[in-house]
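What the coordinates show
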Amino acid sequence: MFAKILLTIVAVAIVWFGFKYLQRVTELRERRDARAPAGDKPRFEPVADGESVQDLEKCSICNTFRSPKLGPCGRVNCPY
Ligand SMILES: [Zn+2]
């Protein structure tokens, strides 16, 4: 009888500490990932001449924003 109770307590303790251990490992992994630098992720770096950054203008006919350098959107009466 006593052995059964002891075995139950040991089993619960194993599950409990195993769960805590897994939680701790996950927490440390998330913290490490959050601290990691951008690394090889693609980054936008504007060119100094300003060509890669353009102001968009709203087309009054089609209600979309386009760079004026792209020319007309193809609709009739497009102002560009
Ligand atoms: Zn247009």
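Treat the numbers as computed from the prediction; the structure is a model and nothing was measured.

1. A closer look at the overall build of the protein chain
- Helix and strand counts for the protein chain stand at one helix and two strands.
- Mapped from its N terminus to its C terminus, the protein chain presents α and β elements in the order α-β-β.
- Relative to the compact-globule value of 12 Å for 80 residues, the protein chain shows a C-alpha radius of gyration of 31 Å, a clear excess of over 25%.
- Burial statistics for the protein chain: of 80 residues in total, 6% are counted as buried.
- Counted over contacts in the protein chain with a minimum sequence separation of 6, partners at least 24 positions apart contribute 0%.
- Carbon and sulfur atoms provide 62% of the accessible area of the protein chain, an area that totals close to 7600 Å².
- If the 13 positive side-chain charges of the protein chain are averaged to one point and the 9 negative ones to another, these points end up 13 Å apart.

2. Thoughts on the side chain of S67
- Along the polypeptide, S67 turns up in the segment after β2 (65-66).
- Here Q54 takes part through its side chain, which lies 2.4 Å from a polar atom of the side chain of S67.
- Ignoring sequence-local partners within four residues, the contact set of S67 consists of Q54, D55 and L56.

So, how was this worked out
Residues numbered from 1 in each chain as written. Predicted model: local features only at pLDDT ≥ 70, side-chain atom pairs only at ≥ 80, totals over all residues. Heavy atoms only, no water. Helix = DSSP H or I, 4+ residues; strand = E, 2+ residues; numbered from the N terminus. Rg over C-alpha atoms; globule rule 2.2 N^0.38 Å. Buried < 20%, exposed > 50% of the residue type's maximum accessible area, 1.4 Å probe, protein only. Contact = heavy atoms within 4.5 Å. Areas by Shrake-Rupley, 256 points an atom, 1.4 Å probe, with all protein chains shown as cover. Lys, Arg positive; Asp, Glu negative; His and termini not counted. Charge placed at Lys NZ, Arg CZ, Asp CG, Glu CD. Polar contact = N/O pair within 3.5 Å; in protein donor to acceptor, adjacent residues only side chain to side chain.

Geometric values such as these leave the question of function open.
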